[in-house]
Amino acid sequence: MNKSELVAQLAEKWVWPKSKAQMALDGVLEIIETALAKGEDVTLPGFGTFTVADKPERQGRNPKTGEPLTITAHKTPKFKPGKALKDAVN
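All of these numbers come straight from a predicted model, not from anything done at the bench.

Visitor: How would you explain the overall build of the protein chain if you had to name every residue and give the values?
Guide: The secondary structure content of the protein chain amounts to three helices and five strands. Taken from the N to the C terminus, the helices and strands of the protein chain come in the order α-α-β-β-β-β-β-α. Taking the principal axes of its C-alpha atoms as reference, the protein chain extends roughly 55 × 30 × 30 Å. Element-wise, carbon and sulfur atoms account for 58% of the exposed surface of the protein chain, whose accessible area totals about 7400 Å². Charge separation in the protein chain, taken as the distance between the mean sites of 14 positive and 11 negative side-chain charges, equals 4 Å.

Visitor: Describe the pattern of salt bridges, with residues and values.
Guide: Under the counting rule described, the total for this entry stands at three salt bridges. Asp-54 is paired through a salt bridge with Lys-75; the nearest N and O atoms lie 3.9 Å apart. Residue Asp-54 is located in strand 2 (residues 48-55), and its partner Lys-75 is located in strand 5 (residues 74-81); the two are separated by 21 residues in the primary sequence. On the basis of relative accessible area, Lys-75 is assigned to the exposed category, the value being 60%.

Visitor: Tell me about the packing of aromatic side chains, and please be specific about residues and values.
Guide: By the definition in use, this model includes three aromatic pairs. Where Phe-50 meets Phe-79, the ring centres are 4.8 Å apart and the plane angle is 45°; that geometry is what we call tilted. You can see Phe-50 sitting in strand 2 and its partner Phe-79 sitting in strand 5, a full 29 residues away along the chain. Connected via pairs of aromatic rings, a cluster forms that spans Phe-47, Phe-50 and Phe-79.

Visitor: Please provide a residue-by-residue account of the nonpolar core, values included.
Guide: Ranked by size, the top nonpolar core spans five residues in total: Ile-32, Ala-35, Leu-36, Val-42 and Phe-50. The leading source of residues in this core is helix 2 (residues 18-37), at three residues. Apart from the residues within four sequence positions on either side, Ile-32 is in contact with Val-42 and Phe-50.

Visitor: Can you break down the layout of surface pockets residue by residue, with the values?
Guide: Rolled over the atoms, a probe as big as a water molecule pinpoints where empty space is left. In this structure, the largest pocket encloses a volume near 270 Å³. Along its surface, the largest pocket is lined by Ala-24, Leu-25, Val-28, Leu-29, Ile-32, Glu-33, Leu-44, Phe-47 and Phe-50. Looking at the lining of the largest pocket, the element that brings in the most residues is helix 2, giving six residues. Grouping the constituent residues of the lining of the largest pocket by class yields eight nonpolar, no polar and one charged.

What counts and what doesn't
Residues numbered from 1 in each chain as written. Predicted model: local features only at pLDDT ≥ 70, side-chain atom pairs only at ≥ 80, totals over all residues. Heavy atoms only, no water. Helix = DSSP H or I, 4+ residues; strand = E, 2+ residues; numbered from the N terminus. Areas by Shrake-Rupley, 256 points an atom, 1.4 Å probe, with all protein chains shown as cover. Lys, Arg positive; Asp, Glu negative; His and termini not counted. Charge placed at Lys NZ, Arg CZ, Asp CG, Glu CD. Salt bridge = Lys/Arg side-chain N within 4 Å of Asp/Glu carboxyl O. Buried < 20%, exposed > 50% of the residue type's maximum accessible area, 1.4 Å probe, protein only. Phe/Tyr/Trp six-rings, centres within 6.5 Å; stacked < 30°, edge-to-face > 60°. Core = buried A, V, L, I, M, F, W, Y, C linked by side-chain atoms within 4.5 Å. Contact = heavy atoms within 4.5 Å. 1 Å grid on protein atoms, 1.4 Å probe; cavity = no way out; pocket = protein on both sides within 12 Å on 5 of 7 lines; lining within 4 Å. Points joined across faces, edges and corners; volume = space filled by probe spheres on them. Nonpolar A, V, L, I, M, F, W, Y, C, P; charged D, E, K, R; others polar.

Here it is, written out as structure tokens:
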């Protein structure tokens, strides 16, 4: 499922125009993105938790040339599914 299919299903479920469903989805995604950018966790009970993980600097290798290089330290978003989501999938 892609974003447009998700918007279509959201619009159908709540009997909204697609434009309103698009705004709702974009708003939720923007709020989650902003919270993660601030370093905050976003917990949706039964669904899961979005967090930010710190990745330390490390040595890597250029796959094309084999030349060693340094991969800089950075932050990356992570998602841990909740029990209800895991149960629904299984």
